[in-house]
Each structure stands twice: as structure tokens, then as C-alpha cells.
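# Architecture and fold: a report
Spelled out, the chains give:
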Amino acid sequence: MKAYVFPGQGAQFVGMGKDLYDNNQEARELFEKANEILGFRITDLMFNGTEEDLKQTKVTQPAIFLHSVLLAKSLGEEFKPSMVAGHSLGEFSALVAAGALSFEEGLKLVSKRAEAMQKACEAEPSTMAAVLALTDEKVEELCAEVEGLVAPANYNCPGQVVISGTIEAVDAACEKMKAAGAKRALRLKVGGAFHSPLMQPAQDELTKAIEAAEFNTPVCPVYQNVDAKPHTDPEEIKANLIKQLTAPVRWTQDVQAMIADGADEFIELGPGKVLQGLVNKINKKVATSGLS
């Protein structure tokens, strides 16, 4: 069974999506529609911008969303997923690809999400760090021992957890992780504490937009980040999407659940190969490939 997976922030690169724009008329029309919806020419930044341009959250998130969704559309009749999932931002791409949200509605929500997260980052200095070679349980336990706000944000694969919180608390947690035998506990170059309670102001802002958006029943189950379970009910999907900004991304559990439900081939749609690498670390027996 085929599972299509969609990457999140961090997979962007200059030139992403240009082949699609040049060679696929439907993609070109939707790229131009996106320029109108966003109010700026995101295509110029994607195709010819600098890495710094692409690192801005308000650019990165819609750029990755566009690249992923238009790759799915370019497959036409070949796009027949048994199930889909996306990592963080990628969940929006997955929902549009599976027909739970329209292209326009999805892009507007992603743009709103990016702006709200940017604001939350600016309001309170915060960060994230990658921790390698400790169990999920050990990372949770050590975060709980630290004064201040720090918690697991991404369960990426066994032995790779990203933590998120205030700068002081993340730094203190990193010291504890290293002392406990972590191979690495290193701050990431990100603007804030994504998937932590510090994103509450962004979640509040996004809640209104998600509640106002029209969601449909997807063509296949969508495995969501907050509970790693398959969902087809539009109201459940909405509720989980609202919680997503302050809850951890349970990617390890997502992939394990999809495999348990019959997925034996994972196809990544979007820039980079990050998710293919994570899937291989979660389970070496399944096939992985990608389209970027």
C-alpha cells in the first residue's frame, strides 16, 4: 500500500518548483494564483531568491506547501494514496493533496499560520535543539527536570528527538542530555519554539481561520501529528490541526501506525529527502522514494 508523505519547514532550497512551473501548465497557473493570494511573487523568491529569503517563515511555509501540493497534482491519475501524512507544516500539504481542503483554502491557512508563528517567535525569544541517541522516554524525563519551559517537539525517529522552549531552558536541557549520554544535543537555527506551549498565541490566531475554513472528507485516511491516528472525519481533522501548533509532532508514531495499517511504500512529495531518511530509520523494511 502506498503512503504519500509531505515534508515540513527546513527542506526548502533555491530553485524549488521551477521545473514544475516551466513544464506543467496547471502548476504554472496555480503558482500564479498563489502569487495573487499571497500578495507577493513567491515564485520569484522560490526560483531566484537567496537562501536568506527562503528562510523567512512567511516565505518558507507557503513555498514548501506549494511545491508539495503541485507535485501531487502533477501526478494526475497516478496519485492514488492509500494513506497520507505530513510533518508539521506538511500536514496542510497532505490535507490538500487528499482533498480535505481546497488549494486556495490550504494556502490561505498556511500563510496565516506562518505569519502567526513569526509573531509568536518575535514576542518571546525561544529556540529548539536536536537530541541524538537517547530514548524518547529519557528525553521526556530530563525535560521535566529542567526549570522553565522545555518539552519534546518532534519525535522524528528512534534516537532523534527535537526539544523546544525558552533559550535558557533548552540550553539547560541540552547540558543534561549530554551528561546522560546523548551523542549530540545542539541548538537548531530556528526562530522560535515551534510545537511548544510558547506557540499558544499563534494557535489562538490560527484557530479562528481553521474554524472558518471548509473541510471535506479526504479520499484516504490522514495520519495526523497530534495523535498519530488515521482520520477522515472533517471535524476531527480540524480539531487536531488546531492543537498541532502547541503539541509535539509524533512522526515516529505516525509512520509506525501507517506500517501497522499496511503501508509498505512511502513516497515523499516535496523538496529534499528528509522524510525518506526518517522512514528508513523507523523501519528499514519498507520501500522509500521521492519526487522533488
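In what follows, the accompanying structure is described. (Residues numbered from 1 in each chain as written. Predicted model: local features only at pLDDT ≥ 70, side-chain atom pairs only at ≥ 80, totals over all residues. Heavy atoms only, no water.)

## Here we look at the overall build of the protein chain
The condition that has to hold: Helix numbering and strand numbering both begin at the N terminus, where a helix is a DSSP run of H or I of at least 4 residues and a strand a DSSP run of E of at least 2. Taken over C-alpha atoms, the radius of gyration is set against a globule rule of 2.2 Å times the number of residues to the power 0.38. The rule is simple: take the accessible area with a 1.4 Å probe, protein chains only, and divide by the maximum for that residue type; under 20% is buried, over 50% is exposed, in between is partly exposed. By definition, residues are in contact when any of their heavy atoms lie within 4.5 Å.
Check the secondary structure of the protein chain and you find 13 helices and 10 strands. Against the compact-globule benchmark of 19 Å for 292 residues, the protein chain has a radius of gyration of 18 Å, which places it among compact chains. Projected onto the principal axes, the alpha-carbon positions of the protein chain cover approximately 55 × 40 × 35 Å. Taking all 292 residues of the protein chain together, 55% fall into the buried category. Across the protein chain, contacts joining residues at least 24 apart in sequence account for 73% of those joining residues at least 6 apart.

## Side note on the sheet that holds strand E5 (residues 160-166)
Applied cut-off: Strands are treated as partners if at least two bridges between them are detected by DSSP. Helix axes are fitted to C-alpha atoms over the stretch in contact, other axes to C-alpha atoms as well, and angles between N-to-C directions run from 0 to 180 degrees.
The strand order across the open sheet formed by four strands is E4-E5-E3-E6, and the pairing between neighbours is antiparallel. Each edge of the open sheet carries a strand with a single partner, namely strand E4 (150-157) and strand E6 (184-187). Neighbour-to-neighbour, the strand axes of the sheet open up by a mean angle of 25°, direction not taken into account. For strand E3 (residues 126-132) and E6, the ladder comprises four bridges, and the chain directions are antiparallel. Across the sheet, residue Val131 finds its bridge partner in E6, namely Ala185.

## A short note on the pairing of E5
Regular strands place their side chains on alternate faces of the sheet. Burial runs high along E5: seven of the seven residues are buried. In terms of strand pairing, E3 meets E5 through seven bridges, oriented antiparallel. In the sheet register, Val131 faces E5, and the bridge partner there is Val161. Hairpin connection from E4 to E5: two residues lie between these consecutive antiparallel strands, with Gly159 at a positive phi of about 85°.

## Quick word on the environment of Asp44
With respect to the element layout, Asp44 can be found in helix H3 (residues 42-48). A C-alpha to C-alpha distance of 9.8 Å links Asp44 and Lys18, two positions 26 residues apart in sequence.

## A short note on the environment of Gln276
Mapping Gln276 onto the fold places it in helix H13 (residues 274-282). Look at Gln276 and you get buried, because its relative accessible area is 13%. Taking the C-alpha atoms as reference points, Gln276 and Phe266, 10 residues apart in sequence, are found 7.5 Å from one another. If near-sequence neighbours (up to four positions away) are discounted, Gln276 is found in contact with Glu268, Thr288, Ser289 and Gly290.

## Overview of the pattern of salt bridges
Short version of the rule: In the sections that follow, a salt bridge refers to a side-chain nitrogen of Lys or Arg positioned within 4 Å of a carboxyl oxygen of Asp or Glu.
With the rule as written, the count across this model stands at 11 salt bridges. One salt bridge connects Glu32 with Arg41, and the closest N-O pair in it is separated by 3.0 Å. We classify Glu32 as partly exposed; its relative accessible area is 23%. By relative accessible area, which is 38% here, Arg41 ends up partly exposed. Two residues, Lys33 and Glu104, come together in a salt bridge whose shortest N-O distance is 2.7 Å.

## Quick look at unusual backbone geometry
Of note in this structure, Ser88 is not a glycine but carries a positive phi near 60°. At Ala228, a residue that is not glycine, the phi angle is positive and equals roughly 55°. Examined against the element boundaries, Ala228 turns out to sit in the loop between strand E7 (222-223) and strand E8 (230-231). Judged by relative accessible area, which is 9%, Ala228 ranks as buried.

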